[in-house]
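In case you want the letters, here they are:
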Amino acid sequence: MTRIESNTFAAACYDQNSIADLEHALTFAEVDATDCATWKITPTQWREAIEDALAALREDAAEAAA
């Protein structure tokens, strides 16, 4: 199981979004500047956090289906 550190942008993404939501977010040419400012993260960290949350959600979905 993928672990995400509590109280991080990745945790918020994991808790508040679906797989489809996060996949869609990664298609954006621009990162969400509001998220970056709120969480004090760089655009690279924004994308990495979404990728981490997406991986964890996918893993949880696969485990639930097994």
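Below, the structure is looked at part by part. Not measured: the values here are computed from a predicted model. (Residues numbered from 1 in each chain as written. Predicted model: local features only at pLDDT ≥ 70, side-chain atom pairs only at ≥ 80, totals over all residues. Heavy atoms only, no water.)

1. Let's talk about helix α1 (residues 9–16)
Okay, step 1: Along α1, the positions that sit buried rather than exposed are Phe9, Ala10, Ala11, Ala12 and Cys13.
Okay, step 2: Where α1 is buried, its residues contact α2 (19–25), α3 (33–39) and α4 (43–65). (Buried < 20%, exposed > 50% of the residue type's maximum accessible area, 1.4 Å probe, protein only. Helix = DSSP H or I, 4+ residues; strand = E, 2+ residues; numbered from the N terminus. Contact = heavy atoms within 4.5 Å.)

2. Concerning the state of the cysteines
Okay, step 1: By the definition in use, this model includes zero disulfides.
Okay, step 2: Considering cysteine sulfurs only, cysteine 36 is the nearest to cysteine 13, which forms no disulfide, with 10 Å between them.
Okay, step 3: Residue classification places cysteine 36 among the buried residues on the basis of a relative accessible area of 9%. (Disulfide = S-S within 2.5 Å.)

3. A closer look at the environment of cysteine 13
Okay, step 1: For cysteine 13, the location among the structural elements is in helix α1.
Okay, step 2: Not counting chain neighbours up to four residues away, the residues in contact with cysteine 13 comprise Leu22, Ile50 and Ala53.

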